[in-house]
Amino acid sequence: MTERPNGVFPAVCPLDCPDTCGLLLHKENGKIVKVTGNPDHPATRGAICNKVRHMAERVHHPERLKYPMKRSGPKGSGEFVRISWSEAISEIADKFREMSTEYGPESILPYSFYGNMGVLNAEGMDRRFFARLGASKLAYTICNSAGNAGWKHTMGFGGGSSPEDTLKAKLFIVWGGNIVSTSMHQAVLMEQARKNGAKVVVIDVHKNLTGRRADWFIPLYPGTDTALALGLMHVLFDRGLTDEKFLAQYTLGHEELREHVKAYTPERVSRITGVPAEDIIRLALLYGETSPSHIHIGNGLQHHDNGGMAVRTVACLPALTGQWVRGGGAMKSNGAYASLNDEALQRPDLRVNPGVRTINMNKLADALLTLTPKVRGLFVFGSNPAVVAPEAERVRQGLMREDLFTVVHELFMTDTAKYADIVLPATSSFENTDLYTSYWHHYVQLQEPVIQPIGESKSNFDMFKMLAEEMGFAEEAFREDEESVICAALDNPDNPYLNGVTLNRLKEERFAELDMSPKQEYLNRLTTPSGKIELYSDTLKALGLPPLPTYMPLEEGFDGENRSTRNTAYPLMFVSPPNHNFLNSTFANVHKHQSMEKEPLLQIHPQDAEARGIEDGQFVEVYNDRGVYTLKASVTELMLPGTVVSQGLWWNNTAEGSAKQGGAGIRGISGRRLANALTSSRTADMGGGATFFSTTVEVRLAAGAEALAKPD
């Protein structure tokens, strides 16, 4: 496809999004001029979001990195000089050899995530390289690890309801997820179910775009989802709305749970959550009397101190009323249906030091500043930790270390890349061969290059092969091509859902449906220790956690019962969910997306604004012991009093521009544009997950700020 300068070519959306859309790329003179949806894709059917619709502007952005560079000024200054690939690879290899000899290879840390969801470039040759090098391992915990662990302790197998089945739901509950912005095709199915007579209920801390489309929006205090679910269980058992036959056949611990939830009366749960007791009863009756009922479990509720338990508890609800029928049940992630052969893909057998330390990626600040032995080398790709990692100010302090050798492989000069010693230009996904699975639908897809690499950019796959060769790694694993690795990854006898999915089929069909016939025995194939839905978990008990679903108040935060006795210095809960036009920090540097989002805003309830003398449109400082975030106030009733919300992760440099336009140069605003300056690197109760939303703050007027008119 790269040799044909004009035409329309199939592609796959590479973003970290459940939908993994099929695309069509329109080329003129070798350049992508338009991106549309592929109407032949069975799941996404030609519909795509604005983020992807404007992807050509990101791929051909004038600020794309085009050649390797070496730092020539102070760290963070963004001052670099051009060098050749051979110079860059040689210097990186020399540094890694020196560190390995003097400090041991575990002094080197890879840091990456899913800026590109292609498995070859996100978790293929890089895993092989760092295993063979003997570098420290990275625990990939920043997104969904707490919720996945919670689901696993209840359901075992990491897959739930099939998307197309949700059309048959008569009650559709979205719990802690803004699917209009983050899973648009599931939102379409939700609307179709509504047209078929379904009621849509959204439970969240913030009336986001999905909440505004609901038949019934239920706001609650952040981190109290477990209590609400237990309150629903109380009513279901009390009113005789449980499916006793299903509980006896498919669950473990239902009698213990029946006694346990007697303590979670609607009145008590109302005090904890802020949800009126009559609404708790009404929702429980609606859920207990409607079948099939489907629960879509979003990412939001897992980003708390108690995030794993929250997802575990909500995942128990379908079992109580026997909702594991077509159109019912729940969905957290469907990624397990397409589980690949990770041993063949990542080659952990190459590791020369199996006992090497593992560093939680949420703890990057500690890893760079306090960990012993020190991290001496950092290699970043597919991520922008200076913006997305918690305790952002401390992360940047760590990146400023003169004794830290940092390499960043990127498409742009991100906030993180500015701190690098060597910056390497990365290809976009449309310049690569790669394999894509979905954590929502049941199709595997192949991406082949559509355009030539921009400038001298190289894929992660090719770059790590070059580095392995320079390091003298002689293993055949570093000489394999993309197609060989794809074939090995698809050959997974332990996963019957992959039956019939081959590279040849993907080349012919572009997207291949998984073999979903084993799902007919879903409830008999659960992988919990008991083989049943574990309402009571001995595994959790052995880990020192409650074996039954139990509400545990936040370590940092409050609920309606303890609000007056905690967090007196920082009495507001700060939540930073995604906005509509960025994906984490991706697209935050693209002008069209910036213009659609306009600027960072702090949504604050009128009661909280009045108590602080804050008016709509004024610049405010959100602060705690970890940092300060300066942005404009938007006074609104989209959440309960005591909660403030800022959507989206803005790059520090792009956000400063909007501040100067609207604020005439508010003093001290530069360097205070990071939401994650406020968030903690504490880890959640399960899976080592992030606790972004368990954050308390105070808000005050920014120094020297005047009331500003809202933009037209």
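Predicted model, so just to flag it, every value in this text is computed and none were measured.

Novice: Explain the overall build of the protein to me, please; I cannot follow it from the model alone.
Specialist: Across its full length, the protein carries 26 helices and 27 strands. Seen through its principal axes, the protein has C-alpha atoms that stretch 70 × 65 × 50 Å. Split into buried and exposed, the 712 residues of the protein put 64% on the buried side. Considering only contacts in the protein between residues 6 or more positions apart, those separated by 24 or more positions represent 75%. Surface summary for the protein: the accessible area is close to 25400 Å², and the carbon and sulfur share equals 48%. Each charge sign in the protein was given a centre, from 73 positive and 84 negative side chains, and these centres are 2 Å apart.

Novice: Would you mind showing me how to read helix α6 (residues 145-155) here?
Specialist: Given 3.6 residues to a turn, an α-helix orients residues that are three or four positions apart in the same direction. For α6, the buried fraction is high: 9 of the 11 residues fall into the buried class. Within the sequence span of α6, burial applies to Ser145, Ala146, Gly147, Ala149, Gly150, Trp151, His153, Thr154 and Met155. Residues of α6 that are buried in the fold lie against β12 (293-297), α15 (307-320), β13 (329-331), β21 (533-534) and α23 (538-542).

Novice: Would you take a moment to explain the side chain of Arg258 for this structure?
Specialist: Within the element layout of this structure, Arg258 appears in helix α12 (residues 254-260). Overall, Arg258 belongs to the buried group, its relative accessible area being 18%. Among the polar contacts made by the side chain of Arg258, one reaches the side chain of Glu255 at a distance of 3.2 Å. Apart from residues lying up to four places away in sequence, Arg258 is in contact with Phe237, Thr242 and Glu244.

Novice: Got a minute to help me understand the sheet that holds strand β15 (residues 377-381) in this structure?
Specialist: Reading across the sheet, the 6 strands line up as β5-β4-β17-β16-β15-β6 and stay open at both edges, with mixed pairing between neighbours. The sheet terminates laterally at β5 (80-82) and β6 (108-112), the two strands that pair on one side only. Averaged over all pairs of adjacent strands, the angle between their axes in this sheet comes to 20°, without regard to strand direction. In the packing of helix α3 (residues 85-103) onto the sheet, contacts are made with β4 (69-71), β6, β15, β16 (405-410) and β17 (422-425), and the angle to β17 comes to roughly 130°. Packing against the sheet, helix α20 (residues 460-471) makes contact with β15, β16 and β17, and its axis sits at approximately 155° to β15.

Novice: Can you help me understand unusual backbone geometry in this one?
Specialist: Backbone phi values are negative for most residues with the exception of glycine, while trans is the configuration of most peptide bonds. Of note, the amide linkage connecting Ser291 to Pro292 takes the cis form, showing an omega dihedral of 0°. Within the secondary structure, Pro292 sits in the loop between α14 (277-289) and β12. With an omega of -5°, the peptide bond running from Thr372 to Pro373 counts as cis. One can find Pro373 in the loop between α17 (364-369) and β15. Positive phi outside glycine occurs at Asn29, with the angle close to 55°.

Novice: Even after reading the chapter, I still don't get the sheet that holds strand β1 (residues 7-12), so can you show me in this structure?
Specialist: One key point about sheets: their strands pair by backbone hydrogen bonds, in either a parallel or an antiparallel sense. With antiparallel pairing, the 3 strands of this open sheet are ordered in space as β1-β2-β3. The open sheet has two free edges, formed respectively by β1 and β3 (31-37), since each of these has just one partner strand. Between one strand and the next, the sheet's axes are offset by a mean angle of 30°, whatever the strand orientation.

Novice: Even after reading the chapter, I still don't get the pattern of salt bridges, so can you show me in this structure?
Specialist: Any two side chains of opposite charge can pair if their charged atoms end up close together. Throughout the structure, instances matching the rule amount to 38 salt bridges. Residue Asp421 is joined to Lys75 by a salt bridge in which the shortest nitrogen-to-oxygen separation is 3.5 Å. Of the two residues, Asp421 is situated in the loop between β16 and β17 and Lys75 in the loop between β4 and β5; the sequence distance between them amounts to 346 residues. Given a relative accessible area of 11%, Asp421 falls into the buried group. Looking at Lys75, the relative accessible area reads 4%, which means it is buried.

Novice: What am I meant to see in the packing of aromatic side chains here?
Specialist: For any two aromatic rings, the description comes down to two numbers: the centre-to-centre distance and the angle of the planes. Counted by the stated rule, this structure contains 21 aromatic pairs. Pairing Phe96 with Phe405 gives two aromatic rings, centres 6.5 Å apart and planes at 90°, and the pair type is edge-to-face. Taken together, the positions of Phe96 in helix α3 and Phe405 in strand β16 put the pair 309 residues apart, joining distant regions of the chain. The pair Phe96 / Phe405 is uniform in exposure class, with both members buried.

Novice: I keep staring at the environment of Ala542 and nothing clicks. Help me out?
Specialist: With respect to the helices and strands, Ala542 occurs in helix α23. Classification of Ala542 by relative accessible area gives exposed; the value is 71%. In this structure, the C-alpha to C-alpha distance between Ala542 and Gly147, residues 395 residues apart in sequence, is 19 Å.

Rules behind the numbers
Residues numbered from 1 in each chain as written. Predicted model: local features only at pLDDT ≥ 70, side-chain atom pairs only at ≥ 80, totals over all residues. Heavy atoms only, no water. Helix = DSSP H or I, 4+ residues; strand = E, 2+ residues; numbered from the N terminus. Buried < 20%, exposed > 50% of the residue type's maximum accessible area, 1.4 Å probe, protein only. Contact = heavy atoms within 4.5 Å. Areas by Shrake-Rupley, 256 points an atom, 1.4 Å probe, with all protein chains shown as cover. Lys, Arg positive; Asp, Glu negative; His and termini not counted. Charge placed at Lys NZ, Arg CZ, Asp CG, Glu CD. Polar contact = N/O pair within 3.5 Å; in protein donor to acceptor, adjacent residues only side chain to side chain. Pairing = 2+ DSSP bridges. Axes fitted to C-alpha atoms, helices over the stretch in contact; angles between N-to-C directions. Salt bridge = Lys/Arg side-chain N within 4 Å of Asp/Glu carboxyl O. Phe/Tyr/Trp six-rings, centres within 6.5 Å; stacked < 30°, edge-to-face > 60°.

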